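# Tertiary structure, described
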Amino acid sequence: MTQHITLREVGLRDGLQIVKTIVPTAAKMEWIRAEYAAGVQEIEVCSFVPPKLIPQFADSAELVNRSLSIQGLTVSALVPNMKGAQRGVELGVHKLNYVMSVSEGHNLANVRRTVAESLDDFRNIAAMLRDVPGDQRPLLSGGLSTSFGCTIEGLVSEDRVLELAELLVQAGADEIVLADTVGHGGPHAVRRLFDRVLASVGKVPVIAHFHDTRGLGLANAAAALDAGVRHFDATLAGLGGCPHAPGATGNVVIEDLAYLCETMGYSTGIDITRLVAVRQILARELPNEKLSGAIAIAGLPRRIPQVTAVA
Ligand code: COA
Ligand code: ZN
């Protein structure tokens with residue numbers, strides 16, 4: 001049976017957080033609806049951060065509300081702390097994507113706390129969620145930024161990533177995200193780290209979040225697929241970056257990643273042609289942003305050659 005790969009659109013958060021042009025809520029909704037219609041089942045629609053810090057997310061409440069009306073869509077949002085998590089619970093999101101960094105320097109720059117403080121906050125959020133009635137309780141994702149390297153500290157210890165992933169799962173994470181926030185990873189590092197993390201905490205989904213900063217995004221995704229990763233973050237047209245990672249423009253392009261999955265014999269449930277068409281919304285709303293991606297230029301082959309892994 002064909003194995004399914006879940007691709008989560010994170011462009012409305014990871015992409016828009018560095019875009020200065022404020023995209024109107026109606027256009028964000030058009031983007032969300034069009035991607036869902038193309039087969040994307042989960043969308044990270046915003047961040048619960050102070051609007052003063054990132055004005056792009058000032059419409060979070062309305063956006064979440066309207067997204068929740070789309071039957072079948074998993075609506076998630078990034079939260080950097082307890083306040084964000086409480087807001088997510090109030091608004092009824094399906095999943096809270098908690099984020100902290102593996103490296104101290106990046107964590108301090110991004111969320112103004114030490115890694116130990118972020119870990120404590122995660123434990124408190126997990127405890128807070130245990131008191132929320134089951135049918136209203138969002139899933140809790142534990143995201144680890146800078147898992148493959150850091151612009152501030154350089155190398156990041158694989159052992160430390162593994163340790164933090166284990167601590168997050170012990171604390172109650174329903175899934176783990178390993179993020180190559182600044183594009184330092186390569187396929188061998190990806191294979192080795194995911195092998196170790198899946199072996200240790202693979203009872204929960206482990207998601208790969210790659211940036212294409214140095215052109216290795218898809219190579220890294222292929223290595224993660226070979227390691228057994230079945231969930232990925234990506235963005236339409238590769239929109240994205242990180243405010244604290246200079247030059248880190250561009251997540252993995254979701255249309256190209258869907259194509260990669262198909263060629264490797266996996267199904268994504270995504271209609272790639274329809275997904276590519278959604279780029280028109282971005283082109284219209286963000287005329288000054290670079291839209292990346294190869295499939296949008298070359299088109300799909302008449303028939304996608306699907307070759308499953310060699311046993
Ligand atoms: N949502 C909305 N408001 C929030 C908030 C949240 N999640 N967390 C804190 N605030 C408010 C506080 O209520 C306080 O408001 P006040 O000044 O009116 O009293 C103010 O923000 C400062 O609160 P504090 O707890 O001191 O936060 P901080 O200034 O130390 O900032 C973070 C900490 C985590 C909120 C901030 O660094 C942040 O949002 N970081 C995320 C950045 C990001 O999105 N990076 C990219 C994603 S990887
Ligand atoms: Zn990212």
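Check the entry above for the structure.
Below is a summary of the structure that appears in this document.

Cut-offs applied
- Residues numbered from 1 in each chain as written.
- Chains lettered and ligands numbered in written order.
- Predicted model: local features only at pLDDT ≥ 70, side-chain atom pairs only at ≥ 80, totals over all residues.
- Heavy atoms only, no water.
- Phe/Tyr/Trp six-rings, centres within 6.5 Å; stacked < 30°, edge-to-face > 60°.
- Near = heavy atom within 4 Å.
- Polar contact = N/O pair within 3.5 Å; in protein donor to acceptor, adjacent residues only side chain to side chain.
- 1 Å grid on protein atoms, 1.4 Å probe; cavity = no way out; pocket = protein on both sides within 12 Å on 5 of 7 lines; lining within 4 Å.
- Sits in = over half its atoms within 2 Å of the grid points.
- Helix = DSSP H or I, 4+ residues; strand = E, 2+ residues; numbered from the N terminus.
- Nonpolar A, V, L, I, M, F, W, Y, C, P; charged D, E, K, R; others polar.
- Donors = N, O, S within 2.8 Å, 3.2 Å for Na, K, Ca; no water.
- Buried < 20%, exposed > 50% of the residue type's maximum accessible area, 1.4 Å probe, protein only.
- Points joined across faces, edges and corners; volume = space filled by probe spheres on them.
- Contact = heavy atoms within 4.5 Å.

## Structural notes on the packing of aromatic side chains
With the rule as written, the count across this model stands at four aromatic pairs. Through pairs of rings, three or more aromatic residues link up here, namely F148, F194 and F210.

## A short note on the site of ligand 1
What surrounds ligand 1 is a group of 14 residues, the closest being F48, N81, K83, N110 and R112. Separating a nitrogen atom of ligand 1 from a backbone N or O atom of G84 is a distance of 3.3 Å. A molecule is said to occupy a pocket when more than half its atoms come within 2 Å of that pocket's grid points, and by this definition ligand 1 occupies the largest pocket. Those elements that provide at least two residues to the shell around ligand 1 are α4 (82–91) and α5 (104–111). Its residues placed into classes, the shell around ligand 1 shows seven nonpolar, four polar and three charged.

## Some details on the coordination of the zinc ion (ligand 2)
Octahedral six-donor coordination of a metal ideally yields angles of 90 or 180 degrees, compared with 109.5 degrees for tetrahedral four-donor coordination. Looking at the zinc ion (ligand 2), the protein donor atoms are D14 (OD), H209 (NE2) and H211 (NE2), and they sit 2.0 to 2.1 Å from it. Within one chain, the residues serving as donors to the zinc ion (ligand 2) are arranged as D-x194-H-x1-H. In this pair, D14 sits in helix α1 (residues 11–15) while H209 sits in strand β7 (residues 206–210), placing the two residues 195 residues apart along the sequence. By the burial criterion, D14 is buried, and H209 matches it.

## What about the layout of surface pockets?
Here the largest pocket is characterised by a volume of approximately 900 Å³. The wall of the largest pocket is formed by 46 residues, among which S47, V49, L78, P80 and V99 lie closest to the centre. Put simply, the parts of the chain that give the lining of the largest pocket at least two residues each are α1, β2 (42–47), α4, β4 (95–101), α5, β5 (139–145) and β6 (175–180). For the lining of the largest pocket, the leading source of residues is α4, giving five residues. For the lining of the largest pocket, a count of residues per class yields 19 nonpolar, 17 polar and ten charged.

## Here we look at unusual backbone geometry
The backbone phi angle of R112 is positive, close to 60°, even though this residue is not glycine. As for its placement among the helices and strands, R112 is situated in the loop between α5 and α6 (115–130). Given the relative accessible area of 65%, R112 is considered exposed. Despite not being glycine, A237 shows a phi value in the positive range, around 60°. Examined against the element boundaries, A237 turns out to sit in the loop between β8 (231–234) and α10 (254–263). With relative accessibility at 0%, the residue A237 sits in the buried group.

## A closer look at the side chain of R13
Among the secondary structure elements, R13 is positioned in helix α1. Among the residues examined, R13 registers a relative accessible area of 9% and is labelled buried. Apart from residues no more than four positions distant in its own chain, R13 is found in contact with E44, C46, S47, F57, L78 and H209.

## Some details on the environment of V161
With respect to the helices and strands, V161 occurs in helix α7 (residues 158–171). Judged by relative accessible area, which is 0%, V161 ranks as buried. For the pair V161 and L144, spaced 17 residues apart in the sequence, the C-alpha separation amounts to 7.7 Å. With sequence-adjacent residues up to four places away left out, V161 is seen in contact with V102, L144, S147, V156, L178 and L193.

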